[in-house]
Amino acid sequence: MIIVPCYNIVLAPEINLYFAGEYFKEITREKGEQGQTVVFLMLKEDKPREAMQPYDFYPIGITGTIEAVDKEGNVKIKTGSRVNIDSIDAADGTIEVTLSKRQDVDDMSPEESAKHFDNARMAFIQSIQNTQNMQFHLLARNYIQQWESLGELTATLSYHLPISNEEKYLILAADTLSERTERMEQAIFQYVEAEKVKKEAAAAQQNQNEKVYREQAIKKQIEFLQNELDEMHPENISDARKFEKKIEAAGMNETAHAEAVKVLNRMKQEGQDSHEYGMLYDYLDFVTTLSWKKEEMKLVDLKEARKILDADHFGLDKVKRRIVQQLAVMTLNQKQSGSILLFVGAPGTGKTSIGQSIAKALGREYVRVSLGGIRDEAEIRGHRRTYVGAMPGRIMEGIKRSGVSNPVMVLDEVDKLAKDYGGDPSSALLEVLDPEQNSTFTDHYMNVPYDLSDVLFVCTANTTDTIQEPLLNRMEVIQFPGYTASEKFQIAKRHLLPKAMEEMGIHQEKLKVSDAALRTIISDYTMEAGVRGLKKRLDTLCRTAAVRLVEGNRRCISVSPGQLQKYLDRKPLLHDHMLEQKQPGVVTGLAWTQAGGEILFIEALFTKGKGNVIITGQLGDVMKESVQIAVSLAKSRFPEKAELFENHDLHIHVPSGAVPKDGPSAGITLTTAIVSLVIGKAVSPKIAMTGEVSLRGCVMPIGGLPEKLMAAVRAGIRTVFIPVENENDLDEVPSEVKKSLEIIPVHMVSDVLEKTGLC
Ligand code: ADP
């Protein structure tokens, strides 16, 4: 007796079953010979024979006889009757059973059985018409003729029936013929229904596909015809058509594309008469003009870059060195952007124009965005489109102007950002400059992200004082200290004058401006740290020369210092020059302004009174406090002069009276002026000083030292006292300035008083 464990098949009495030889051998471990008895046992779950345990089997099986074995070992078995498995032993692939016959109740007539079989067979035959599963059904067609009973039909379809292994077992377990027939019929009809649904679904899918293909084909056709029409009448292309094409060609990211298509559809719906049309048009025009293409990184030749920087700007060696470093780092990192440089200095010191040179050195587009006076966050980040007259912010507007996605963008005057009810533009700018966030910068107007990570930002400012701390921390400050007179001379001679002449169309040989004339323009007609005023003067000079050349039909003009007043059409400036005479109570200080450095005079005077301190000259709060400190220091230093203070009012004045002044750096000058007044001894007008003072008499550091020292040189000062802690800043001061001044670092007020001969 051969034990045949099987899983997931339908078994029934008196049916023919066919087993492939290989498979039969695998599950039984025997070859099978004609006439041998077999017992089919049904497994609850599929597992290899070695792992089978007694509890893996259902309790009812069926006997059979091997009727034939062909040459390939394929086996034909005829099942017999059902058996109860009374006991079972299964271990390591050996299965032994004791069986007893199980009673079958034959409660259907042969005619009735035949009728059920015919019904099921017909349903099956119908279901395989136009079938999807060709291979199986071709096979089934061969069997159709051979099937003699419902049992055989069901058994053959075993693996394809949509019922579980247990339900298949229940067919075998049914004790009455009618019950078994019903279960088999159910399984067959379920199968037929499932096939039908599959077929319908496939047909529906095909319909759907056909519809999609058709739609695509129609669209293509329309597109083709429309293009033909457009070519015939380009003047008639509608806005919608124009944008359709532009949107597809723009190479936008997915979100931007979706938004643009949405707006375009809205524009089509609204029509040209709608009041929203213009707004929708502007939006599409903006986003489709914007460059969405990622630009390739260009190789930077540092030598060439250096050459370009040198050719465009005279001096500025430190700044250029830092820029070249930045370019080198960007090349090594394979990045189009790097740390954000903040150029700080007075107007006209070349901050913006060197940004332009950086772009030239990198071979990239340059764009300048002015941030001065912006108070509203929306100016940076754009207005939401719901507002009437909404516009994109200045950053995206700048990107559009540049025409690329990786320009060198100079953000001008970041120190002039203001903050008010319209939100904080600084924080919006922070987002623009933050490499973590700027790859998905979302302008409110555009409402879709744009990648700013390839933009090289360079910022400029006149001072760092008004820049908010978080913003300042993002940037690397590079000081532009302003130019000395001889640097200005070189800039004028090499750059400004030739450029101005070229702009006015004056040939080199036609205008000669003597060196002395250039120097006089610098010293007598400008008063600035940068060269903006100088540039204006030279422009005026060239314009006047142009008129003379044309009117007088002259071949060549030479300009000497004496003719400047006529050529520049203005009188020389009256500088704040050092004082001619010395006088007790008057001391020269140094101030920093946004235009560079200046000298200023502190005047102190006792008038009859009751010990009051009178302050004039539009001094700010901090400076007023410096006056108080200076008075207290002077009083404590000269207790014997207490009466002088008590019986007089002390008047402190800082000209020019109309210009507001503030800051603590005049402390040392105020103190020295008061002491000079108290002891009645004058300080040399060739001495100037700068430094904050504390109540202990310490001299504390100040800002803007290079500018202040340059102003001192311009004014003819010889000796300058500076706080000891500012000594390091002397590196920033041009050597020409250092050479023409005696610079004395001081710790305490007493040092100054001693060295000025006041004690
Ligand atoms: P800022 O941005 O600092 O106010 P700009 O960059 O606008 O100054 O400079 C004003 C003008 O002066 C420009 O025409 C610029 O070319 C010129 N300029 C400034 N510094 C130099 C320099 N070192 N060499 C040549 N030209 C200079």
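Coordinates for the structure precede this section.
Counting from 1, residues in each chain are numbered in the order their sequence is written. Where local features are concerned, this predicted model is filtered to residues with pLDDT of at least 70; where side-chain atom pairs are given and counted, the filter is 80 or more; whole-chain, interface and lining totals use all residues. With hydrogens and water excluded, all non-hydrogen atoms of the structure serve as input to the side-chain values.

Peer 1: Can you explain helix α15 (residues 425-433)? Please cite residues and give values.
Peer 2: Along α15, 7 of the 9 residues are buried, which leaves the element largely enclosed by surrounding structure. For every residue, the accessible area (1.4 Å probe, protein chains only) is compared with the maximum for its type, and the residue is labelled buried under 20%, exposed over 50%, or partly exposed between those bounds. Working definition: helices are DSSP H or I runs of at least four residues, strands are E runs of at least two. Numbering for both runs from the N terminus. Of all the positions in α15, only P425, S426, A428, L429, E431, V432 and L433 are classed as buried.

Peer 1: Please provide a residue-by-residue account of the site of the ligand, values included.
Peer 2: For each residue, the test is whether any non-hydrogen atom lies within 4 Å of the molecule or strand; if one does, the residue is near. Residues in close proximity to the ligand total 20 residues, the closest being G348, K351, T352, S353 and R532. The term polar contact refers here to a pair of N or O atoms within 3.5 Å; inside protein, the definition further demands a hydrogen-donor-capable atom paired with an acceptor-capable atom, and it admits residues adjacent in sequence only when both atoms are side-chain atoms. Here a nitrogen atom of the ligand and a backbone polar atom of F314 are 2.8 Å apart. Within the side chain of K351, a nitrogen or oxygen atom sits 2.6 Å from an oxygen atom of the ligand. Here the ligand has 560 Å² of accessible area as a free molecule, and 91% of this is covered by the chains. Looking at the shell around the ligand, the elements with two or more residues in it are α12 (351-362), α17 (485-504) and α19 (532-551). Take the shell around the ligand: its biggest share by element is 4 residues, from α17. When its residues are assigned to classes, the shell around the ligand shows 8 nonpolar, 7 polar and 5 charged. Residue exposure ignores everything except the shown protein chains as possible cover, and the areas themselves are Shrake-Rupley values with a 1.4 Å probe. Classes in brief: Ala, Val, Leu, Ile, Met, Phe, Trp, Tyr, Cys and Pro nonpolar; Asp, Glu, Lys and Arg charged; the others, Gly included, polar.

Peer 1: Please provide a residue-by-residue account of the packing of aromatic side chains, values included.
Peer 2: Within 6.5 Å between ring centres, the rings of Phe, Tyr and Trp (the latter by its six-membered ring) count as paired, and their orientation is classed by plane angle as stacked under 30 degrees, edge-to-face over 60, tilted in between. Considering all chains together, one arrives at 12 aromatic pairs under this definition. Three or more aromatic residues joined by ring pairs make a cluster, and in this case those are F19, Y23, F24 and F40.

Peer 1: Tell me about the side chain of K168, and name the residues and values.
Peer 2: Summarising the element assignment, K168 is placed in helix α5 (residues 165-173). Buried charge K168 goes without a salt bridge, the closest partner of opposite sign being E167 at 8.1 Å. Looking at K168, its side chain comes within polar contact range of the side chain of N8, at 2.9 Å. Contacts are residue-level and defined by heavy atoms, with any inter-residue pair within 4.5 Å sufficient. In this structure K168 touches N8, I9, V10, M42, S158, Y159, L161 and I163, once residues within four positions along its chain are discounted. All tallies of charge rest on Lys and Arg as positive and Asp and Glu as negative; His and the ends of each chain are not included. Within this document, salt bridges are pairs made up of a side-chain nitrogen of Lys or Arg and a carboxyl oxygen of Asp or Glu, the two lying within 4 Å of each other.

Peer 1: Describe the layout of surface pockets, and please don't skip the residues or the numbers.
Peer 2: Space inside and on the surface of the protein is sampled on a 1 Å grid over the protein atoms alone, with a cavity defined as a set of points where a 1.4 Å probe fits but cannot get out and a pocket as an open set with protein on both sides within 12 Å along at least 5 of 7 lines; lining residues have an atom within 4 Å of a point. Grid points are joined across faces, edges and corners, and a volume is the space filled by probe spheres set on the points. One number sums up the size of the largest pocket: a volume of about 950 Å³. In terms of lining, the largest pocket is formed by 43 residues, of which the most central are A591, W592, T593, G703 and K708. Residue assignment for the lining of the largest pocket shows that the elements contributing at least two residues are β7 (340-345), β16 (586-593), β17 (596-608) and α24 (705-715). Class assignment for the residues of the lining of the largest pocket results in 21 nonpolar, 12 polar and 10 charged. Contributing elements (two or more residues each) for the lining of the second largest pocket: α10 (302-312), α12, β8 (366-370), β12 (456-461), α17 and α19. Residue contributions to the lining of the second largest pocket peak at 6 residues, all from α12. When grouped by side-chain class, the residues that make up the lining of the second largest pocket number 9 nonpolar, 11 polar and 11 charged.

Peer 1: Any details on the packing of helix α7 (residues 239-250) against helix α9 (residues 277-289)? Residues and values, ideally.
Peer 2: Every angle, taken between N-to-C directions, lies between 0 and 180 degrees, and every axis is a line fitted to C-alpha atoms, over only the stretch in contact when it is a helix. Packing of α7 against α9 brings their axes to within 9 Å, and their N-to-C directions diverge by 30°. With respect to each other, α7 and α9 are oriented roughly parallel. Handedness of the α7/α9 crossing: left-handed. Judged by residue contacts, D239, K242, F243, K246, I247 and A250 of α7 engage Y277, Y281, L284, D285 and T288 from α9. Class assignment for the residues of the contact of α7 with α9 results in 6 nonpolar, 1 polar and 4 charged. For this classification, under 35 degrees means roughly parallel, over 145 means roughly antiparallel, 65 to 115 means roughly perpendicular, and everything else is oblique. The handedness criterion is simple: a crossing whose near helix is rotated anticlockwise from the far helix by less than a right angle is left-handed, and one whose near helix is rotated clockwise is right-handed.

Peer 1: Could you give an account of the pattern of salt bridges, with specific residues and numbers?
Peer 2: Evaluation of the coordinates by the stated rule reveals 31 salt bridges. The shortest N-O distance in the salt bridge between K198 and E195 comes to 3.1 Å. Remark: E195 and K198 occur in helix α6 (residues 177-232); sequence separation between them is 3 residues, near one turn of the helix. Taking relative accessible area as the criterion, K198 reaches 52% and is therefore assigned exposed. A salt bridge links E276 to R266; the nearest nitrogen and oxygen atoms lie 2.2 Å apart. Separated by 10 residues along the polypeptide, E276 in the loop between α8 (254-270) and α9 and R266 in helix α8 bring together distant segments of the chain. A single salt-bridge network, built from bridges that share partners, covers R82, R102, D104, D175 and R180.

Peer 1: Talk me through the side chain of S158; I want residue IDs and the actual numbers.
Peer 2: Examined against the element boundaries, S158 turns out to sit in the loop between α4 (150-157) and α5. Excluding its chain neighbours within four sequence positions, the residues that come into contact with S158 are N8, I9, V10 and K168.

Peer 1: Which residues make up a negative patch on the surface, and what are the values?
Peer 2: Only residues whose relative accessible area exceeds 30% and that form no salt bridge are eligible for patches; like-charged ones are grouped when within 9 Å, while nonpolar side chains (Val, Leu, Ile, Met, Phe, Trp, Tyr) are grouped when within 5 Å. A charge is said to be at NZ when it belongs to Lys, at CZ for Arg, at CG for Asp and at CD for Glu. There is a patch of like negative charges on the surface, built from D106, D107, E111 and E112. Relative to the assigned elements, D107 resides in the loop between β6 (94-101) and α2 (110-127). By relative accessible area, D107 is classed as partly exposed at 37%.

Peer 1: Pulling in residues and values, what's your account of empty space enclosed by the protein?
Peer 2: Under the counting rule described, the total for this entry stands at 4 cavities of 30 Å³ or more. Counted as a void, the largest cavity has a volume near 70 Å³. Lining the largest cavity, in full, are M297, K298, V300, L327, M330, T331, K335, Q336, L362 and R364. Of all the elements, helix α11 (residues 317-333) adds the most residues to the lining of the largest cavity, at 3 residues. Among the residues making up the lining of the largest cavity, the classes are represented as 5 nonpolar, 2 polar and 3 charged.

Peer 1: Explain the environment of S750 residue by residue, including any values.
Peer 2: Turning to its location among the elements, S750 is positioned in helix α26 (residues 749-755). With residues up to four places along the chain from it excluded, the contact list for S750 reads R637 and C759.

Peer 1: A description of the nonpolar core should follow, citing residues and the corresponding values.
Peer 2: Judged by nonpolar contacts, the single largest core of 52 residues is most densely connected at W292, L411, V414, L429, L433 and L452. No other element matches α9, which puts 6 residues into this core. Residues within four places of L411 in sequence aside, it is in contact with V369, L371, I395, L429, L433, F457, V458, C459 and T460. Core analysis: the second largest hydrophobic core is formed by 51 residues, V324, L518, L541 and V559 among them. Nonpolar cores are built from buried Ala, Val, Leu, Ile, Met, Phe, Trp, Tyr and Cys residues. Side-chain atoms within 4.5 Å join them into one set.

Peer 1: With reference to specific residues and values, describe α2.
Peer 2: For α2, which comprises 18 residues, the first-to-last C-alpha distance of 26 Å matches the rise-based estimate of 26 Å (1.5 Å per residue) to within 8%. Here α2 has its buried residues at F117, A120, A123, F124 and S127. Across the axial projection of α2, the buried residues extend over an arc of 130°, all falling on one side. Of the residues in α2, the exposed ones pointing more than 90 degrees away from the buried face are P110, E111, K115 and Q126. Each residue after the first adds 1.5 Å to the expected span of a helix. This arc describes the spread of directions from the helix axis toward the C-beta atoms.

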